[in-house]
Structure formats: structure tokens, C-alpha cells
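The residues making up each chain are set out below.
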Amino acid sequence: MRRPLVVGNWKMNGTRSSAEALAKGILVGLGDDVADIAVCVPYVFLPEIAQIVNNTRLGVGAQNVADKPSGAFTGEVSAAMLKEFGCKYALVGHSERRTYYGDTDQIVAARFCQAQEQGIIPILCIGETLSEREQDKTFDVITTQLDAVVNLAGIGAFGNAVIAYEPVWAIGTGLTATDDQAQEAHRFIRNYLAAKDQTVAENIQILYGGSVKPDNAKGLFAMPDIDGGLIGGASLDAESFLKIYNSVN
Ligand code: PGA
């Protein structure tokens, strides 16, 4: 059975003290062990947050990772550096990286491989824009995004990875995919993987992301192929993040 996973993506928000307070607030309210849980924090907060969550069930992750192991790549942070600070997960290919910072499918695939080289679990973010959905290209887009990573890393690599399906039109907009729309995409992703490796497909956690809130989480998480969520805005408040966490069934 797949264990649910709920991940917060703090994006570029907070201060040193608010980040610390948020992590502590989540820990204080963390009740029953119903799912895996983690927060992906800005790089500079990683050492401190990793220390706060040390020896607890709350994992810590980064929001990106360099596509190269080391060297003259100004502004990048390597997987080995992240590993040193207790980083368990790294987002790769978030739509904001793809849209604003030019992350191509090939760069995303290289970031995915770098994370895994260091034993960091990549959370591969994929999803279509509104115009792609309107042109009925959702499944083509998802296929292209997955192909790039499978071609570089191999299907076996998905045995130790997470996928987050995040329709771009639902991120930060207040628009959420309906439970059925999300399930349809998740099913497609799982079938894509199953055609290459049945076991990998059955075991991988596929998260939904895009305006998940305490009042819509339960319906989404009840869908058979949705294994939890990647939460942006609503993860910046410990109470709402924990409500979402407690919505897993
Ligand atoms: P949102 O962000 O929950 O604020 O829509 C989700 C994400 O970008 O991961």
C-alpha cells in the first residue's frame, strides 16, 4: 500500500524567525502518524529548519537542486551540499522554475538525477498550462515531461522518487482541478509508468498540487490515484497545513 505524503512548498516567503515559528508550529500540532510529511524551504533556512525537525517525523526538503555536481555554476546549490544539511527531498521542475527561470525538460531531468545521486528524493513537478488544457494537450505535455526524465534516469529511478501533478492554471490562482480532473491526470501518469514498470507504478506516490486548501483536500485525497498533496499558500500557516495533512484517508 502506498503511504500518503503531504509536502509544504514555502516558496520565497518568510523570515528567519517566521520560518522557525512555522516549523515549530507544525511540530507542536502534528498528531497521529497518518502520512509522511515534509516542508520544502528556502535554501538559507535549511540548516536551521533541519535542526528543528531533527529526529521528528517532519522531513525537510529544498525547492530546487543544481543540475551539476559541483564547479563554476554561480548561484546554484548542489545535491551534496543539500545532503549535508539533512535535506530529504528536493523539488525539481516546479512550474515557476520552468516558467520564470527557463528550466527545460532536459535541465529538470539532470536535476532529478543529481538529487538521486546523493540519496535525496526528487519530487518531480509536471503539469499543463491553461491553454494546453484548452487545446486538449494535457496528456501530451505530461508525456513529454515524463519522457525527458525516464530517458535520462531510467524507469527504475522512479522507484525512489515522487511525482507532483500540478496543473499550472491551478497554482496560486484559487482554481483547483476538480477531484475527477485530478484523478484522470493521476491515472494517466500511473498508467504511463505501468506500461514501463508495473511495480514502480504501483508504489510511487503521486501528489496533487494547485490551490489545495483545508476545504478541498479531503475530496482530492480520497481519489484512488492521489497519494497526497504539494501545498503552496496553505502551507504557510501551521493550522491550515495540518488540517490538510489530517485530510488524508
Ligand atoms: P498553491 O501552490 O498551493 O499556492 O497553489 C502549489 C505549488 O506551487 O506547489
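Being a predicted model, the structure only gives us computed values, none of them experimental.

A.B. asks: Looking at this structure, how should I read the nonpolar core?
C.D. replies: Counting 70 residues, the largest nonpolar core has Ile26, Ile49 and Phe158 as its most contacted members. Ignoring sequence-local partners within four residues, the contact set of isoleucine 26 consists of Trp10, Ile37, Val39, Leu58, Ala238, Phe241 and Leu242. One finds Leu5, Ile121, Val162 and Leu230 within the second-largest nonpolar core, a separate group that totals 13 residues.

A.B. asks: So what exactly am I meant to see when it comes to the pairing of strand S5 (residues 121-126) here?
C.D. replies: The two faces of a sheet get side chains in turn, since along a regular strand they alternate between them. Here S5 lies mainly inside the structure; 6 of its 6 residues are buried. Here S5 shows two buried faces, one formed by Ile121, Ile123 and Cys125 and the other by Pro122, Leu124 and Ile126. When strand S4 (residues 89-92) meets S5, the two strands line up parallel, connected through 4 bridges. By the bridge assignment for S5, tyrosine 89 is matched with isoleucine 121. When S5 meets strand S6 (residues 162-165), the two strands line up parallel, connected through 4 bridges. Considered in S6, the bridge of cysteine 125 is made with alanine 164.

A.B. asks: Explain the side chain of serine 235 here, please?
C.D. replies: Position of serine 235 among the secondary structure elements: in the loop between strand S8 (228-231) and helix H11 (238-245). Other than its neighbours up to four places away in sequence, serine 235 contacts Gly8, Asn9, Trp10, Leu22 and Phe241.

A.B. asks: When you look at the pairing of S4 in this model, what are you seeing that I'm missing?
C.D. replies: Because side chains alternate across S4, one face comprises the buried residues Tyr89 and Leu91, and the other comprises Ala90 and Val92, equally buried. In this view, the connection linking strand S3 (residues 58-62) to its parallel neighbour S4 by way of helix H3 (residues 79-84) has right-handed handedness.

A.B. asks: Whenever I open this one, the sheet that holds strand S2 (residues 36-40) confuses me. Can you help?
C.D. replies: Within a sheet, each strand pairs with its neighbour through backbone hydrogen bonds, oriented either parallel or antiparallel. Strand order around the closed barrel formed by 8 strands is S1-S2-S3-S4-S5-S6-S7-S8, with parallel pairing between neighbours. Strand-to-strand twist in this sheet, taken as the mean axis angle between neighbours without regard to direction, amounts to 25 degrees. Of the strands in this sheet, S4 and S5 touch helix H5 (residues 105-117), which is tilted by about 160 degrees from S5. Sitting on the sheet, helix H7 (residues 138-153) is in contact with S5 and S6, with an inclination near 150 degrees to S5.

A.B. asks: Is there a simple way to explain the packing of aromatic side chains in this structure?
C.D. replies: Two aromatic rings, taken as a pair, are described by how far apart their centres are and by the angle between their planes. This model, assessed by the stated rule, comprises 4 aromatic pairs. Geometrically, the ring pair formed by phenylalanine 112 and phenylalanine 158 is tilted, given 5.2 Å between the ring centres and 35 degrees between the ring planes. Here the residue phenylalanine 112 occupies a position in helix H5, and phenylalanine 158 occupies one in the loop between H7 and S6, the gap between them amounting to 46 residues. The buried category is assigned to phenylalanine 112, whose relative accessible area is 0%. Accessibility expressed as a relative area gives 1% for phenylalanine 158, which makes it buried. Ring geometry for phenylalanine 139 and phenylalanine 188: centres 4.3 Å apart, planes at 5 degrees, overall stacked. Linking phenylalanine 139 in helix H7 with phenylalanine 188 in helix H8 (residues 179-194), this pair joins segments that are 49 residues apart in sequence. A relative accessible area of 24% places phenylalanine 188 in the partly exposed class.

A.B. asks: How should I be thinking about the site of the ligand in this particular structure?
C.D. replies: Near the ligand you find Asn9, Lys11, His94, Glu166, Ala170, Ile171, Gly172, Gly210, Ser211, Leu230, Gly232 and Gly233, and these make up its full shell. A distance of 2.7 Å separates an oxygen atom of the ligand from a polar side-chain atom of glutamate 166. Here the ligand loses 97% of its free accessible area of 290 Å² to cover by the protein chains. Tallied by class, residues from the shell around the ligand come to 3 nonpolar, 7 polar and 2 charged.

Cut-off values and rules
Residues numbered from 1 in each chain as written. Predicted model: local features only at pLDDT ≥ 70, side-chain atom pairs only at ≥ 80, totals over all residues. Heavy atoms only, no water. Core = buried A, V, L, I, M, F, W, Y, C linked by side-chain atoms within 4.5 Å. Buried < 20%, exposed > 50% of the residue type's maximum accessible area, 1.4 Å probe, protein only. Contact = heavy atoms within 4.5 Å. Helix = DSSP H or I, 4+ residues; strand = E, 2+ residues; numbered from the N terminus. Pairing = 2+ DSSP bridges. Right-handed = clockwise from strand over helix to strand, strands pointing away. Axes fitted to C-alpha atoms, helices over the stretch in contact; angles between N-to-C directions. Phe/Tyr/Trp six-rings, centres within 6.5 Å; stacked < 30°, edge-to-face > 60°. Near = heavy atom within 4 Å. Polar contact = N/O pair within 3.5 Å; in protein donor to acceptor, adjacent residues only side chain to side chain. Areas by Shrake-Rupley, 256 points an atom, 1.4 Å probe, with all protein chains shown as cover. Nonpolar A, V, L, I, M, F, W, Y, C, P; charged D, E, K, R; others polar.

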